[in-house]
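Spelled out, the chains give:
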Amino acid sequence: MLTPKMLQALNDQLQAEYHSSYLYLSMAARCADLNLPGFAHWFRVQVQEENVHALKFFDYILLRRGTVELKGIEKPTGSWPNALAVFEDALKHEQYITRRIHDLVKLAREANDPATEALLQWFVTEQVEEEAMVDGLVQQLKVMGESPSGLFIMDRELAKRQLGAQ
Ligand code: FEO
């Protein structure tokens with residue numbers, strides 16, 4: 001049995017993962033506006049990744065016979081002038097999600113709930129990869145500056161991203 005506090009925290013994280021999905025969908029739209037279809041595609045794949053994360057929490061809550069509570073998803077806000085600003089915000093968001101996951105691990109330990117801790121270990125590793133991936137793209141964009149040819153090449157690269165591949 002999940003403790004009531006653990007159950008609430010897992011339902012909150014389910015909501016946070018869908019909020020991530022929604023935020024990245026807004027970033028995909030902004031990249032499309034910026035005439036960067038490859039960047040937009042990259043975020044579309046990220047949306048799918050976040051949906052997978054959300055469903056992992058959904059399935060786990062049900063597996064532990066907890067009650068899933070679907071909460072409202074906040075409207076994403078952000079007016080990004082360029083691709084660098086979009087990715088810088090994406091990085092900040094991933095760092096926020098990492099902090100949330102680490103707080104959940106602490107809660108699972110306090111609740112003496114090794115099963116939830118085992119689930120969360122997957123997310124701990126995933127967050128290291130997600131942060132590194134987004135940070136890598138931020139650094140690449142910083143090096144390129146405003147170079148249109150650099151952006152064009154990067155856009156073509158990001159267009160190749162597939163679900164499950166970094
Ligand atoms: Fe679900 Fe991007 O962390």
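Refer to the structure above for everything that follows.
These figures come from a predicted structure and were not determined experimentally.

Q: Which residues make up the nonpolar core, and what values go with them?
A: Membership of the largest hydrophobic core comes to 26 residues, with the highest contact counts inside it found for M27, F39, W42, F43 and F87. Filtering out sequence-adjacent residues up to four positions away, F39 remains in contact with C31, A83, F87, L141, L151, M154, D155 and L158. One finds L2, L14, L104 and V124 within the second-largest nonpolar core, a separate group that totals 21 residues.

Q: Help me get a handle on the environment of V128, residues and values and all.
A: As for its position among the elements, V128 is in helix α4 (residues 114-144). Each C-alpha atom of the pair V128 and E94 lies 9.3 Å from the other, and the pair is 34 residues apart in sequence.

Q: Give a description of the side chain of Q127 that names residues and reports values.
A: Along the chain, Q127 falls in helix α4. Accessibility expressed as a relative area gives 2% for Q127, which makes it buried. A polar atom in the side chain of Q127 sits 3.0 Å from the side chain of E94. Discounting residues that sit within four places of it in the chain, Q127 has contacts with E94, I97, T98 and I101.

Q: Can you explain a nonpolar patch on the surface? Please cite residues and give values.
A: Together, Y22, L25 and I73 make up an exposed nonpolar region whose accessible area comes to about 270 Å². Position of Y22 among the secondary structure elements: in helix α1 (residues 4-33). With a relative accessible area of 41%, Y22 lands in the partly exposed category.

Q: For unusual backbone geometry, give the residues involved together with the corresponding values.
A: Trans peptide bonds make up most of the peptide bonds, and negative phi angles are found at most residues other than glycine. You will see that R65, though not glycine, has its phi angle at about 60°, which is positive. Counting through the fold element by element, R65 comes out in the loop between α2 (37-63) and α3 (83-110). A relative accessible area of 75% means that R65 is categorised as exposed.

How each quantity is defined
Residues numbered from 1 in each chain as written. Predicted model: local features only at pLDDT ≥ 70, side-chain atom pairs only at ≥ 80, totals over all residues. Heavy atoms only, no water. Core = buried A, V, L, I, M, F, W, Y, C linked by side-chain atoms within 4.5 Å. Buried < 20%, exposed > 50% of the residue type's maximum accessible area, 1.4 Å probe, protein only. Contact = heavy atoms within 4.5 Å. Helix = DSSP H or I, 4+ residues; strand = E, 2+ residues; numbered from the N terminus. Polar contact = N/O pair within 3.5 Å; in protein donor to acceptor, adjacent residues only side chain to side chain. Patch = residues over 30% accessible without salt bridge, like charges linked within 9 Å, V, L, I, M, F, W, Y side chains within 5 Å. Areas by Shrake-Rupley, 256 points an atom, 1.4 Å probe, with all protein chains shown as cover. Salt bridge = Lys/Arg side-chain N within 4 Å of Asp/Glu carboxyl O.

These figures come from the coordinates and say nothing about function on their own.
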